[in-house]
Amino acid sequence: MGIADQFKDKAQELADQAKQKGGQGKDEARDRASEGRDQESDSSSGMKDRAQGAADQARERFDR
């Protein structure tokens, strides 16, 4: 095997590694986006609960 073949093999190996790492990065980004949406829905439902509680308290105050 000549030096040119060794360089080609190494270049191919590095290209394959880059593809694998690129795919992993996309998966991680997708996971982070999913987690962000989950947290957003959790916080928005919490905000709805707080708003409902405040509205209920206001009604109780004005009904007296």
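Here's a quick rundown of the structure. Note that this is a predicted model, so its numbers are computed, not measured.

1. A few points about the overall build of the protein
The helix and strand inventory of the protein stands at one helix and zero strands. Accessible surface, the protein: about 6,000 Å² in total, of which carbon and sulfur atoms supply 50%.

2. So, the pattern of salt bridges
Using the criterion set out here, one finds two salt bridges in the structure. Its salt-bridge partner being E13, residue K10 comes within 3.8 Å of it at the nearest N-O pair. Of this pair, K10 and E13 both sit in helix 1 (residues 3-63), three residues apart, which is roughly one turn of that helix. Looking at K10, the relative accessible area reads 43%, which means it is partly exposed. R59 is paired through a salt bridge with D56; the nearest N and O atoms lie 2.8 Å apart. Of the two residues, R59 and D56 are both situated in helix 1; the distance of three residues between them amounts to about one turn of the helix. R59 gets classed as partly exposed once you look at its relative accessible area, which sits at 48%.

Reading the values: the criteria
Along each chain, numbering runs from 1 in the same order as the chain's sequence is written. Residue-level local features of this predicted model are given only where pLDDT is at least 70; pairs of side-chain atoms are given and counted only at 80 or more, and the full residue set underlies all totals for whole chains, interfaces and linings. Computation of side-chain values: all heavy atoms of the structure, hydrogens and water removed. In this description a helix means any DSSP run of H or I spanning at least four residues, a strand means any run of E spanning at least two, and both kinds are numbered starting from the N terminus. All accessible areas in this document rest on Shrake-Rupley with a 1.4 Å probe, and a residue is counted as covered only by the protein chains that are shown. Counted as salt bridges are all cases of a side-chain nitrogen of Lys or Arg within 4 Å of a carboxyl oxygen of Asp or Glu. Residue exposure (1.4 Å probe, protein chains only): buried if accessible area is under 20% of the type maximum, exposed if over 50%, otherwise partly exposed.

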